[in-house]
Amino acid sequence: MRYTYSVTLEHIYISPGHNYFGRPKDGPGPHTTPDVAEVMACAGLGLLGDRYYGVAAHFNAQVSFIAAEVLDALADALNLETVAPRLPRRNIVTRGINLNQLIGREFALVANGDVVHLEGAKACSPCAWMDAAIGAGAHAFLRGRGGLRARILTDGTLHRGPVQLQTDFELDTTTLCAPLARPRLP
């Protein structure tokens, strides 16, 4: 991998169960979402202890990411003091990278001697629960900025804190909150 970028994994969340099923008016489920210092990433399976671990239907969502810059911009847009980073229900909150640039690309996260290779599978679309969990307008704001779903290609440990993001392609680090470009219809 030719290019290296310094980024931060601000939070790593795992949850044993789903909280956002059914209708928002029924309220979220009871499962805790601990913020852990590190987690084992298992190739083809997911994050050890997470609700999607080993679930074949979630092959493209073995781990999910959201950018802290997007959460900061969301708080500003909704006139909130802050958005609790666990509310969007992504596994990892990053700082320093526009995650949309990793869709369809392989990359590695390197920290403390551990290297985890991943492949950005697709954008993480927000659900209607975002308005209930965060505030009216969150769902619309997060369209195109909801994060990244990725496949885990190699086993390793992901660590909260500073990491090196390695790619074989150059990233634009000036567009941290830019939404996915939507194709124009003819």
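Keep in mind that this is a model prediction, so the values were computed, not measured.

Definitions and cut-offs
Residues numbered from 1 in each chain as written. Predicted model: local features only at pLDDT ≥ 70, side-chain atom pairs only at ≥ 80, totals over all residues. Heavy atoms only, no water. Buried < 20%, exposed > 50% of the residue type's maximum accessible area, 1.4 Å probe, protein only. Helix = DSSP H or I, 4+ residues; strand = E, 2+ residues; numbered from the N terminus. Pairing = 2+ DSSP bridges. Salt bridge = Lys/Arg side-chain N within 4 Å of Asp/Glu carboxyl O. Contact = heavy atoms within 4.5 Å. Phe/Tyr/Trp six-rings, centres within 6.5 Å; stacked < 30°, edge-to-face > 60°. Lys NZ or Arg CZ within 6 Å of the ring centre and 35° of its normal.

Visitor: When you look at the pairing of strand 6 (residues 106-111) in this model, what are you seeing that I'm missing?
Guide: Sheet faces and side chains relate simply in a regular strand, where the side chains alternate between the two faces. With five of its six residues buried, strand 6 lies for the most part within the structure. The antiparallel hairpin formed by strand 6 and strand 7 (residues 114-123) contains two residues in its connecting segment, where asparagine 112 sits at a positive phi of about 50°. Pairing of strand 6 with strand 10 (residues 161-167), which is carried by four bridges, proceeds in the antiparallel orientation. Across the sheet, residue alanine 108 finds its bridge partner in strand 10, namely glutamine 166.

Visitor: Where do I start with the pattern of salt bridges in this structure?
Guide: When charged atoms on two side chains of opposite charge get close, those side chains can pair. For the structure shown, the criterion picks out five salt bridges. For the salt bridge of arginine 95 with glutamate 10, the shortest nitrogen-to-oxygen distance reads 2.4 Å. One end of the pair, arginine 95, is in strand 5 (residues 92-95); the other, glutamate 10, is in strand 1 (residues 3-12), and 85 residues separate them in sequence. Here the salt bridges do not stand alone but share partners, grouping Glu10, Asp72 and Arg95 into one network.

Visitor: How do you make sense of the environment of leucine 176 when you look at a structure like this?
Guide: Secondary-structure assignment places leucine 176 in the segment after strand 10. The class for leucine 176 is partly exposed, based on a relative accessible area of 23%. Sequence spacing of leucine 176 and glutamine 101 is 75 residues, and the spatial spacing of their C-alpha atoms is 9.8 Å. Discounting chain neighbours no more than four positions away, the residues touching leucine 176 are Glu69, Val70, Gly96, Ile97 and Asn98.

Visitor: Hey, could you run me through the pairing of strand 1 in this one?
Guide: With seven bridges joining them, strand 1 and strand 10 adopt antiparallel strand pairing. Along strand 10, the bridge assignment pairs serine 6 with glutamine 164. Of the strand pairs in this sheet, strand 1 and strand 5 are connected by four bridges, and their pairing is antiparallel. Note that in strand 5 the partner of leucine 9 across the bridge is threonine 94.

Visitor: Quick question: what am I supposed to make of the packing of aromatic side chains here?
Guide: Working definition: an aromatic ring pair is given by the centre-to-centre distance plus the angle between the planes. Under the criterion given, the structure shown has one aromatic pair. Summarising the aromatic geometry, the rings of phenylalanine 65 and phenylalanine 107 are spaced 6.3 Å apart at their centres and angled 65° between planes, so their arrangement reads as edge-to-face. With phenylalanine 65 in strand 4 (residues 63-67) and phenylalanine 107 in strand 6, this pair connects stretches of sequence that are 42 residues apart. Among the residues examined, phenylalanine 107 registers a relative accessible area of 2% and is labelled buried. It is arginine 105 that lies over the ring of phenylalanine 169; its NZ or CZ is 3.7 Å from the centre.

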